[in-house]
Amino acid sequence: VAYIKLYSANTVNTSFLLGKAKVAPSHGHTIPRLELCAAVLAAELSDIIRDQLDIDPDDFYYYTDSLVVLGYLTNETRRFYIYVGNRVSRIRSSCQPTQWSHVSTNDNPADLATRSISTKDLPESLWIKGPNLLSINDKHDEHDHLLVDPENDKEIRPSVSCKKTDLKIEDNKTLL
C-alpha cells in the first residue's frame, strides 16, 4: 500500500495513493520468502509512483512487519542463495536499506489486502487511512536490523573462511 504525505502551513495530510496485492501460491514458499516478495512489490509500486508523480527517490519510506526481510535488506556481510539474492538486489535497485523500517503487524495495512472486510468498513479501515505512525511520525526508524538467526536460515549461505599461513625459514633450519 502506498500513501502520500502532503505538508501545508500547519497541517499534514496522509492519503491513500495506490494499493496492490497478490495471491500467494498454496505451497512452495516460506513466510520469509512471501514477505520478501511483498517488499519487492513495494519497490515496484514506488517505481510507478516515482515515474508518474516525479517524486525524489530519497523521499520514499518503506515499512515491513518482517524482521527477517529487514535483516536481508541491511545485510552487508553474508551471502544469500539465488532466490533471496535476486529479490534483495531488485529492492536495492529502487531504494536504500536505510529507507526501510519496521511496523508492527497490527499497524501494517498491507496485511488487510489478504483478509476480508465489509464494504461499509472499508472507508475507515487501516487500508485507506494508513497507520497512525504516518500521520504523527516525521522521523524514520534508523535501527540496525540484523539477520534473524543466520546460522539456521536456509536462505543464507554458510560462512566460509579461508586462512593463509606464511612460514619463514631462517638460517637454513629444517622444519619438521
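Residues numbered from 1 in each chain as written. Predicted model: local features only at pLDDT ≥ 70, side-chain atom pairs only at ≥ 80, totals over all residues. Heavy atoms only, no water.

Draft legend 1. Representation of the overall build of the chain within the structure. A tally of helices and strands in the chain yields five helices and four strands. Ordered by position from the N terminus, the helices and strands of the chain form the series β-β-α-β-α-α-β-α-α. Long-range pairs, those at least 24 residues apart, make up 69% of the contacts in the chain with a sequence separation of at least 6. Here the chain has roughly 12600 Å² of accessible surface; of this, 52% comes from carbon and sulfur atoms. (Helix = DSSP H or I, 4+ residues; strand = E, 2+ residues; numbered from the N terminus. Contact = heavy atoms within 4.5 Å. Areas by Shrake-Rupley, 256 points an atom, 1.4 Å probe, with all protein chains shown as cover.)

Draft legend 2. Region of interest: the packing of aromatic side chains. Evaluated as defined, the whole model comprises five aromatic pairs. The interplanar angle of 40° and the centroid separation of 6.0 Å between the aromatic rings of phenylalanine 16 and tryptophan 127 together place this pair among those described as tilted. In this pair, phenylalanine 16 sits in strand 2 (residues 12-18) while tryptophan 127 sits in helix 4 (residues 126-129), placing the two residues 111 residues apart along the sequence. Measuring from ring centre to ring centre gives 5.0 Å for tyrosine 72 and phenylalanine 80, while their planes differ by 65°; the resulting arrangement is edge-to-face. Tyrosine 72 sits in the buried class, given a relative accessible area of 2%. One aromatic cluster is present, formed by Tyr3, Phe16 and Trp127 through successive ring pairs. In this structure, arginine 33 is placed above the aromatic ring of tyrosine 83, and the distance from its NZ or CZ to the ring centre is 3.9 Å. (Phe/Tyr/Trp six-rings, centres within 6.5 Å; stacked < 30°, edge-to-face > 60°. Buried < 20%, exposed > 50% of the residue type's maximum accessible area, 1.4 Å probe, protein only. Lys NZ or Arg CZ within 6 Å of the ring centre and 35° of its normal.)

Draft legend 3. Highlighting the nonpolar core. Ranked by internal contacts, the top residues of the largest apolar core, which has 21 residues, are Leu36, Tyr72, Val84, Val88, Ile91 and Trp100. Those elements giving two or more residues to this core turn out to be helix 1 (31-53), helix 2 (67-74) and helix 3 (82-92). Ignoring anything within four residues of it in the chain, the contact list for valine 84 reads Leu36, Tyr72 and Glu155. (Core = buried A, V, L, I, M, F, W, Y, C linked by side-chain atoms within 4.5 Å.)

Draft legend 4. Focus on the pattern of salt bridges. One pass over the full model with this rule turns up five salt bridges. Where arginine 90 meets aspartate 47, a salt bridge forms, and the shortest distance between an N and an O atom there is 2.7 Å. Of the two residues, arginine 90 is situated in helix 3 and aspartate 47 in helix 1; the sequence distance between them amounts to 43 residues. Between lysine 129 and glutamate 124 there is a salt bridge, and its shortest N-O distance comes to 3.0 Å. A single network of salt bridges, built from pairs that share partners, joins Asp47, Arg50 and Arg90. (Salt bridge = Lys/Arg side-chain N within 4 Å of Asp/Glu carboxyl O.)

Draft legend 5. Structural view of the environment of isoleucine 156. Tracing the chain through its elements places isoleucine 156 in the segment after helix 5 (132-136). Its relative accessible area of 5% is what places isoleucine 156 among the buried residues. Put simply, isoleucine 156 and valine 84 are 72 residues apart on the chain and 8.4 Å apart in space, counted from C-alpha to C-alpha.

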